[in-house]
Amino acid sequence: AAWLRYAPLPGVAKSEGSIPSNIVALNATTTSPVYTAGLELQKGIQGIFGKQVSITHQSIESLSTVVVGTVDAYAQEYGLDDDDTADLEADGFWLSTLNGTIQILGQNERGALYGAFEYLSMLAQGNFSQVSYISNPNAPIRWVNQWDNMDGSIERGYGGPSIFFQNGLIVNDLSRAEDYARLLASVRINGAIINNVNANASLLTPQNIAGLKRVADVFRPYGVQLGISLNFASPQLLGNLSTFDPLDASVIDWWTNITDQIYEAVPDMAGYLVKANSEGQPGPITYNRTLAQGANLFAKALQPYGGVAMFRAFVYNQLNESDWRADRANAAVQFFKDLDGQFDDNVVVQIKYGPIDFQVREPTSPLFANLLQTNTAIELEVAQEYLGQQCHLVYLAPLWKTVLDFDLKVDNQSSVVSDIISGKRFNRPLGGSAAVVNVGTNNTWLGSHLAMSNLYAYGRLAWAPTQDPEAILQDWTRLTFSRDPTVLRAITQMSMESWPAYENYSGNLGVQTLTDILYTHFGPNPQSMDNNGWGQWTRADHLTIGMDRTVSNGTGFAGQYPPEIAAMYEDPSTTPDDLLLWFHHVNYTHVLHSGKTVIQHFYDAHYNGSAVAQTFVPLWESLKGKIDDQRYNHVLFRQEYQAGHSIVWRDAISNFYHNLSGIPDTENRVGNH
Ligand code: GCW
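Residues numbered from 1 in each chain as written. Predicted model: local features only at pLDDT ≥ 70, side-chain atom pairs only at ≥ 80, totals over all residues.

Per an unreviewed UniProt entry, the recorded name for the protein is Alpha-glucuronidase, and the organism is Mollisia scopiformis. The Function (unreviewed entry) comment attached to the protein in UniProt states, word for word, "Alpha-glucuronidase involved in the hydrolysis of xylan, a major structural heterogeneous polysaccharide found in plant biomass representing the second most abundant polysaccharide in the biosphere, after cellulose. Releases 4-O-methylglucuronic acid from xylan." (UniProt positions renumbered as here; feature names shortened; annotations may be inferred.)

What follows is the structure in structure tokens.
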């Protein structure tokens, strides 16, 4: 149930006036999200207050009624003074608790459901304040991606096998898929791509299309649209054509036909997600066609149905480290910049938040500043691939905010990433966000109770990126665990300290997560970062460390930003300490703005970060008895693991650079065991 527990609220009597006595759900078809909203309100009021409330689908005049419906349905039944709801946008809602009657009005049916969840979230937190306001989304696309394989495994999944696939087919029992849709709807996610971007063509067999219909049918009452990832070579792999050239007439026919078949089964499908010409995946470049030609192939097939072609910007080639100017971070802008203006209007380029790959600290991807005539979406990762794989607590909202809030200053005008992806900055019709989530069959969903704050926060920020990560976390904590101030304080402290701690004991100063780059992406392995083709290099030797990404002497990456930002990163003296080694190759004795040397910062940060992780154990132990034993023990096990593993990280990294540089730790901790 995660944050949708509707746990009894101590101290509130059933009879209290503010508890609704009737539910009116104005749109009566059972697949409507408004119908779902009625049921959800009933379930919530029952759970929170122990009060049985009935649902009707016609208007009644009575006090202490919750009315939920679309604005249009409400206007028909009751008449409406437009002023209150005039500014609603798609998926938005109006919520009013004034005067004893609760009004929850959606611009569309989905919006009505979102409003019901908002109201229930207030009740579950014991918040009975009188409110009336409208809430609109920052952007229309608020999706999750699942990297589920058809055999039921999940790439970078840490919560057990797939809830969607098994043995090459869609599973029979979709009750978990339905529960997932409910969770997603409660944080206003409106689309889910359910299979891996490293996609298998067999998803498109008639049997599997019938399976997709079943998934869409359980998603629909929650307003979650189904989407799928495609294998670019499907016409050849599945259709037995001799080619998958995106300009070939038989290939175009094949995709048109498949798309027609899918929409026949799933008339409201969200669209496709495509990873092409990346990490061994097929794509248009194989035929000397551009990535835009590849993306538009799908856009044209989807266009009659209003579908969206999400096309990933994560395209790069293997590189040779002996070339000082080689830089994987340059790849996305190099591949996409010149294509700006060539993408169809229903293509959205999906861009990872940083230029490399979900690292503990990256600068904002400069591609956001280079696509002015293209729809864009940001790609985040709830699955903690490089960030402890749900065995470490790392609350990610503060990391995501460093990117969402970043001002790229395109044309010397305010160009904040959240305004670019919303479409506002460059007047684009579409845009938004996607997060790789990878929930599985584990009953915690992600493999860890505390990791669920990241899924919750993702939805909240996709809707309203200006929200405060700490406030979001506290809502989540009250809903998931308890309103007890001790619980709130402990979980807030642990969570808010967790990303800085992880950065401190994994990889500092923008050098990236110093993990095993070749296989697991888990645990310390600084030596694996270099001398391979992956381009996530540190260029560490016995005197120096860092990537020179300057225009003057390095890879030129800094020059991919608009002038004001480029100038800041070009110069070590204006580069923030936390990105120094991302942009500059310096001596270990280089002095930071903080006054410390690079090497001493490494030592101190690793000891501090690990020391902070140690404190999570007693903080959690202080909650014994205030949280049910099952969840208490589950989390305690992980916190003890993190405390120990942070020491492994600390010692591995500190000793590695101590050995490499030969520079002693001024505190005499490193190398003295
Ligand atoms: O982060 C890397 C992962 C791959 C993943 C790839 C991608 C799905 O290690 O497992 O492949 O990114 O985003 O496509």
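A. The arrangement of the sheet that holds strand 4 (residues 93–96) in detail. The mixed open sheet is built from 6 strands, whose spatial order is 2-1-3-5-4-6. For this open sheet the edge positions go to strand 2 (54–56) and strand 6 (132–135), each flanked by a neighbour on one side alone. When the angles between neighbouring strand axes are averaged without regard to direction, this sheet yields 15°. Bridge count between strand 1 (residues 22–25) and strand 3 (residues 65–70): 4 bridges; the pairing is parallel. When the sheet's bridge partners are listed, V24 is paired in strand 3 with V67. Where helix 2 (residues 71–78) meets the sheet, its contacts fall on strand 3 and strand 5 (102–106), and the angle it forms with strand 3 comes to roughly 120°. Strands strand 3, strand 4 and strand 5 of the sheet are contacted by helix 3 (residues 109–124), whose axis makes an angle of about 145° with strand 5. (Pairing = 2+ DSSP bridges. Helix = DSSP H or I, 4+ residues; strand = E, 2+ residues; numbered from the N terminus. Axes fitted to C-alpha atoms, helices over the stretch in contact; angles between N-to-C directions. Contact = placed C-beta atoms within 7 Å.)

B. Spatial organisation of the UniProt feature "active site" (unreviewed entry) in the protein. The UniProt record marks E279, D357 and E385 with the feature "active site" (unreviewed entry), using the residue numbering of this structure. Within the fold, E279 resides in the loop between strand 12 (271–274) and helix 8 (291–302). Residue E279 is classed as exposed on the basis of its C-beta count, with 12 C-beta atoms lying within 10 Å. Relative to the assigned elements, D357 resides in the loop between strand 14 (347–352) and strand 15 (375–381). In contact with D357, not counting residues within four places along its chain, are K352 and Q536. (Buried ≥ 20, exposed ≤ 12 C-beta atoms within 10 Å, placed from the backbone.)

C. Summary view of the site of the ligand. Neighbouring the ligand are the residues W147, E155, R156, V197, N198, K275, E279, F314, D357, F358 and E385. Its residues assigned to classes, the shell around the ligand comprises 4 nonpolar, 1 polar and 6 charged. (Near = placed C-beta within 6 Å. Nonpolar A, V, L, I, M, F, W, Y, C, P; charged D, E, K, R; others polar.)

D. Molecular detail of the domain arrangement of the protein. Domain boundaries assigned for the protein yield domain 1 (22–135), domain 2 (141–468) and domain 3 (505–547 + 585–661). Placing the centre of domain 1 and that of domain 3 at their C-alpha centroids yields a distance of 47 Å. (Domains from an automatic or database assignment.)

E. Seen up close, helix 10 (residues 397–404). Taken together, the buried positions of helix 10 are A397, L399, W400, V403 and L404. Take helix 10 and look down its axis: the buried residues cluster within an arc of 155°, on one side only. Residues of helix 10 that are buried make contact with strand 15, helix 11 (417–421), helix 12 (452–463), helix 13 (469–480) and helix 14 (485–506). (Arc of directions from axis to C-beta.)

F. Quick look at the sheet that holds strand 16 (residues 431–436). Pairing within the closed barrel is parallel, and its 8 strands lie in the order 7-10-11-12-13-14-15-16. Across the sheet, the mean angle from the axis of one strand to that of its neighbour is 25°, orientation sign disregarded. Across 4 bridges, the pairing between strand 13 (residues 308–312) and strand 14 is parallel. Residue pairing in the sheet places F311 in a bridge with V349 of strand 14. Sheet strands in contact with helix 12 are strand 7 (141–145), strand 15 and strand 16, and its direction is about 175° off that of strand 16.

G. Quick look at the nonpolar core. Residues V68, I104, L184 and A309 are the most contacted members of the largest nonpolar core, which totals 213 residues. Ignoring any residue separated from it by four or fewer positions in sequence, one finds I104 in contact with V66, V67, V68, F93, L95, A112, G115, A116 and Y119. (Core = buried A, V, L, I, M, F, W, Y, C linked by C-beta atoms within 7 Å.)

H. Inspection of the pairing of strand 11 (residues 225–230) at higher detail. With 6 of 6 residues buried, strand 11 lies mostly within the body of the structure. Of the two faces of strand 11, the one holding Q225, G227 and S229 and the one holding L226, I228 and L230 are both buried throughout. In terms of strand pairing, strand 10 (residues 191–193) meets strand 11 through 3 bridges, oriented parallel. Bridge pairing in strand 11 links I193 to G227.

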